[in-house]
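If you want the building blocks of each chain, they are given just below.
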Amino acid sequence: MDEEDLIRRLKQGQQWSCNVLVALYEERLLKLAWGITLDREESMEIVQDVLFTAIKKIDSFRGESGLWTWLRKMTINACLNWKRKWKRRFRWHHTPLESHTMIADQDTEKQENTPESLLQEKQKKRAVSDAVARLPEDVRVAFVLCAFEGLSYQEIAQILGIKKGTVSSRVFRARQIISRTMEKD
Amino acid sequence: MISACASRILKGSLAGLVLTMALYSLVWAGPVYQTRVRVVSADNGPARTDPGIQDMIKEIGPVFKYTRFRLLSDKTMLLPQGQKKVMPLPEARRLTITPQGMQNTRILYHLRVDTGKSPIFETNVGLKNNTSITIGGPKLQTGVMLINIQGHTR
Amino acid sequence: MTCQKFSKEMISRFVDNELDETEHNAFIRHKAQCPDCCAVEAQFRQTDHIFEKQAEAMAEKLLKDAPEIFIKIKDRGHPPGIRGIIQRKVPGTPAILGMLSIAVVAIIMTLAPWRHGTLPTGGVVPSPSAVVNSVDAYGSSVMILETAETHHTIIWFSET
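Draft legend 1. Broad picture of the overall build of chain A. Helix and strand counts for chain A come out as 8 helices and 0 strands. When the elements of chain A are put in sequence order from the N terminus, they spell out α-α-α-α-α-α-α-α. Counting every position in chain A, which comprises 185 residues, the buried fraction comes to 36%. Of all intrachain contacts in chain A linking residues separated by at least 6 positions in sequence, the fraction that spans at least 24 positions is 66%.

The structure is reproduced here in structure tokens:
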């Protein structure tokens, strides 16, 4: 089933097409949402809301850009608006801030498996994790769109409503902060 | 000339009279509610919880994303029913507390936060005896203010 | 450290293919002879890669741990109302049987002990520390919370 077909079926209200939409995009949207918010519950809520809204408003989707571009834009806006909502003050499920939570090591890229190299790898990941958590959100958003989505500075500038030069300096700042943290370790 | 014995009797009677009047006025005034108000600053500074609020933050700390909790003031008052008590809050705000009686086993409080000129927040709550409620959060520098109100009556 | 010829910001732009053609080619020629600039480029690429991998791993983990996202849409092929719901949920079942089962559930819910604050085991549902009879935040949004363990009441208003 191609994208046009999927959109047509969504507009017809076929339940199966909703399931397909969710299956196709939820993981990618979660990756993006988590990259921006660094919060599990928020990411899940945002992605659920975005998919729900997309299905509800599918009739208004004109197809000028692809489905992914549309979903991505909604997700970014939702992530950015989330911080302005007072709800962000709360942790709903009493879990600590996960900025320093290391994700279970699922690295399948095995270069050398010596204890030293594995430890170094782990330390690097922790350093990146810590540094990313310290990035100001506007810097992190630009960095995520660049590093995850491979968008050009011009595209990022349009999405965020800022100048191209600002995108360049934010992306650089993110890399600089992360690199410095890695150097300290 | 009054004898020493009569003088002692007189003094005792006067003391008794004063005590009776005091007790009478207490009864006449109605119930009194012991009310404790703690004002806390919550922000994302270096992780820390002041000693005087460990109990409170243990209860509510996990709900918030703040890392630093500092006790700004801690006052305990005996408030007769119907009496308004106005307390200053940081950043030129005021808290007005009025105990309004009992509803079953709950102490009724009217609480109001304002700037003196305009209201910010107002609520009527029924507080379980020996428990507290927390209100937040008026902005305070880089964080917010939390106001914890604890009520007690016999 | 980089050499003086190319700043770190330029290297960052190179990583993103954002240098103009002249600068881009100049850097390619330069880095062939400059280990410092090579190292900076490699470090930038590595940080991007590590962060992206972390996000991918997190997304995978979230999907494993959390209930599946399922969005139900209005099926336009069935009548609305309870009959419609029954027919959608259990296609082919006579509507009257379905309605009877809902009635049974409703009766159970009405008589259920927990409606009166008593759990089936005989325990009492703890009440919150404060009951909010009225609240006015003069235009700000308000939320009333109760902590899970101690049932402490929190009133939160977002000052505008």
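Following the structure, the description resumes.
Draft legend 2. Region of interest: the overall build of chain B. Looking only at helices and strands, one finds 2 helices and 10 strands in chain B. Counting helices and strands in the order they occur from the N terminus, chain B gives α-β-β-α-β-β-β-β-β-β-β-β. For chain B, the proportion of its 154 residues judged to be buried stands at 31%. Restricting the contact set of chain B to residue pairs at least 6 apart, pairs at least 24 apart contribute 44%.

Draft legend 3. The arrangement of the interface of chain B and chain C in detail. Taken together, the 23 residues of chain B in the interface contact 21 residues of chain C. Those elements that provide at least two residues to the side of chain B that touches chain C are α2 (54–60), β7 (119–128) and β8 (132–136) of chain B. When the residues that make up the side of chain B that touches chain C are grouped by side-chain class, the tally is 10 nonpolar, 8 polar and 5 charged.

Draft legend 4. How the structure looks around helix α6 (residues 137–147) of chain A. Of all 11 residues that make up α6 of chain A, 9 are buried, and the element is covered over most of its length. Those residues of α6 of chain A that sit buried are V139, R140, V141, A142, F143, V144, L145, C146 and A147 of chain A.

Draft legend 5. Highlighting the pairing of β8 of chain B. β8 of chain B sits mainly inside the fold: 5 of its 5 residues count as buried. Going residue by residue along β8 of chain B, you find S132, T134 and G136 of chain B tucked away on one face and I133 and I135 of chain B tucked away on the opposite face as well. With 4 bridges joining them, β8 of chain B and strand β10 (residues 143–152) of chain B adopt antiparallel strand pairing. Note that in β10 of chain B the partner of T134 of chain B across the bridge is N148 of chain B. Direction of pairing for β8 of chain B relative to strand β3 (residues 153–158) of chain C: parallel, over a ladder of 4 bridges. Of the residues in β3 of chain C, the one forming a bridge with I133 of chain B is T153 of chain C.

Draft legend 6. Quick peek at the sheet that holds strand β1 (residues 130–136) of chain C. With antiparallel pairing, the 5 strands of this open sheet are ordered in space as β4(B)-β5(B)-β6(B)-β7(B)-β1(C). Bordering the open sheet on either side are β4 (85–89) of chain B together with β1 of chain C, each of which pairs with just one other strand. Ignoring strand direction, the axes of neighbouring strands in this sheet form an average angle of 20 degrees.

Draft legend 7. Examining the interface of chain C and chain A more closely. With 32 residues of chain C at the interface, the matching set in chain A holds 36 residues. Put simply, the parts of the chain that give the side of chain C that touches chain A at least two residues each are α1 (8–15) and α3 (35–65) of chain C. Sorting elements by how many residues they give to the side of chain C that touches chain A places α3 of chain C first, with 17 residues. In terms of residue class, the side of chain C that touches chain A is built from 13 nonpolar, 6 polar and 13 charged.

Draft legend 8. Representation of the nonpolar core in the model. Ranked by internal contacts, the top residues of the largest apolar core, which has 52 residues, are L29, A33, V47, V50, V128, A142 and F143 of chain A. Of all elements in the fold, only α2 (15–37), α3 (40–56), α4 (67–82), α5 (115–134), α6, α7 (153–160) and α8 (164–184) of chain A together with α3 of chain C reach the threshold of two or more residues within this core.

Draft legend 9. Broad picture of the pairing of β4 of chain B. Residues and elements named next belong to chain B. With 5 bridges joining them, β4 and strand β5 (residues 93–103) adopt antiparallel strand pairing. The residue bridging P88 from the neighbouring strand is R94, located in β5. Linking β4 to β5, which pair antiparallel, is a turn of 3 residues; within it E91 sits at a positive phi near 60 degrees.

Draft legend 10. Unusual backbone geometry, seen in detail. With omega at -15 degrees, the peptide bond leading from G136 of chain B into G137 of chain B counts as cis. The phi dihedral of N17 of chain C falls on the positive side, at around 55 degrees, and the residue is not glycine. Looking at the element boundaries, N17 of chain C is found in the loop between α1 and α2 (21–31).

Draft legend 11. A look at α7 of chain A. All names here are of chain A. Buried residues of α7: Y153, I156 and I159, and no others. For α7, the angular spread of buried residues about the axis comes to 125 degrees, placing them on one side. Following α7 by one or two positions, G161 has its phi on the positive side, about 70 degrees.

Draft legend 12. Layout of the packing of α1 of chain C against α3 of chain C. All names here are of chain C. Interhelical geometry of α1 versus α3 gives an angle of 55 degrees and a closest axis separation of 10 Å. The angle between α1 and α3 falls in the class oblique. In the packing of α1 onto α3, the handedness of the crossing is right-handed. Residue-level contacts link K8, I11, S12, F14 and V15 of α1 to C37, V40, E41, F44 and R45 of α3. Its residues assigned to classes, the contact of α1 with α3 comprises 6 nonpolar, 1 polar and 3 charged.

Calculation rules
Residues numbered from 1 in each chain as written. Chains lettered and ligands numbered in written order. Predicted model: local features only at pLDDT ≥ 70, side-chain atom pairs only at ≥ 80, totals over all residues. Helix = DSSP H or I, 4+ residues; strand = E, 2+ residues; numbered from the N terminus. Buried ≥ 20, exposed ≤ 12 C-beta atoms within 10 Å, placed from the backbone. Contact = placed C-beta atoms within 7 Å. Nonpolar A, V, L, I, M, F, W, Y, C, P; charged D, E, K, R; others polar. Pairing = 2+ DSSP bridges. Axes fitted to C-alpha atoms, helices over the stretch in contact; angles between N-to-C directions. Core = buried A, V, L, I, M, F, W, Y, C linked by C-beta atoms within 7 Å. Arc of directions from axis to C-beta. Parallel < 35°, antiparallel > 145°, perpendicular 65-115°, else oblique. Left-handed = near helix turned anticlockwise from the far one by under 90°.

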